[in-house]
Amino acid sequence: GVYITWINYFSDSTSDIYLQHFNSNGTKLFGANGIKLNSNNGNYFSSVKLCVNATGCIVCWAGEEDAYKNNMPLRAEVFVQRFNTAGEAQWTMGGIPVSTVNSLRAFPNLISDGSNGVFISFADTRNSKLDTSGNFDNIDIYAQHINSSGNRLWGATDAIITTATNN
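Residues numbered from 1 in each chain as written. Predicted model: local features only at pLDDT ≥ 70, side-chain atom pairs only at ≥ 80, totals over all residues. Heavy atoms only, no water.

*Asks:* I tried to follow the side chain of Arg-82 on my own but got confused; where do I start?
*Replies:* Mapped onto the fold, Arg-82 is located in strand S8 (residues 76-84). There is a polar contact of 3.2 Å between the side chain of Arg-82 and the backbone oxygen of Ser-148. (Helix = DSSP H or I, 4+ residues; strand = E, 2+ residues; numbered from the N terminus. Polar contact = N/O pair within 3.5 Å; in protein donor to acceptor, adjacent residues only side chain to side chain.)

Okay, here's the thing in structure tokens:
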């Protein structure tokens, strides 16, 4: 079988993300329309990532709130959710935020930790300022380890992977 995700765009500021599991015969296992992942109908601006094993899958996505200032989102977040093979959410509905630091986050990547949890890396603006052109002067890469219970294991401030100043 296979797990797939897709984004339904309703407008420039509203979209929903879905997950479906097909068995090897092509039968839908998560209902006719799949499972809606997000809970707030925000604007989802990056691809959805999957990590699959025999117990189900972990899905990771990025989204932004509908509140903007100077054409920039006031908050953008990376979410993660684990589903068992029956399509039941194992963590908080709508996903859990990968980080709780006040910043904009996007472009997640994930890999299994081998114990039904994941390591997730993401772009982050917590150390950035907007330059005169309205661009961030610095985008850092952070990571977080989420265990099988949905707990963050690398602290409240995440683990910094690299810092890079854009010039």
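*Asks:* I would appreciate a short explanation of the packing of aromatic side chains in the present structure.
*Replies:* What characterises a pair of aromatic rings is the spacing of the ring centres plus the angle enclosed by the ring planes. A full pass over the atoms with the stated rule returns five aromatic pairs. Relative to Phe-30, the ring of Tyr-3 lies with its centre 6.1 Å away and its plane at 55 degrees, an arrangement referred to as tilted. Note that Tyr-3 is positioned in strand S1 (residues 2-11) and Phe-30 in the loop between strand S2 (14-22) and strand S3 (35-36), a separation of 27 residues in sequence. Across the pair, exposure class does not vary: Tyr-3 and Phe-30 are buried alike. Centroid distance Trp-6 to Tyr-18: 5.5 Å. Interplanar angle 15 degrees. Geometry classified as stacked. Pair noted here: Trp-6 is in strand S1 and Tyr-18 is in strand S2, with a separation of twelve residues, a long-range link. When its relative accessible area of 28% is taken as the criterion, Trp-6 is described as partly exposed. The positively charged end of Arg-126 is found above the aromatic ring belonging to Tyr-142, 3.6 Å away from the centroid. (Phe/Tyr/Trp six-rings, centres within 6.5 Å; stacked < 30°, edge-to-face > 60°. Buried < 20%, exposed > 50% of the residue type's maximum accessible area, 1.4 Å probe, protein only. Lys NZ or Arg CZ within 6 Å of the ring centre and 35° of its normal.)

These figures come from the coordinates and say nothing about function on their own.
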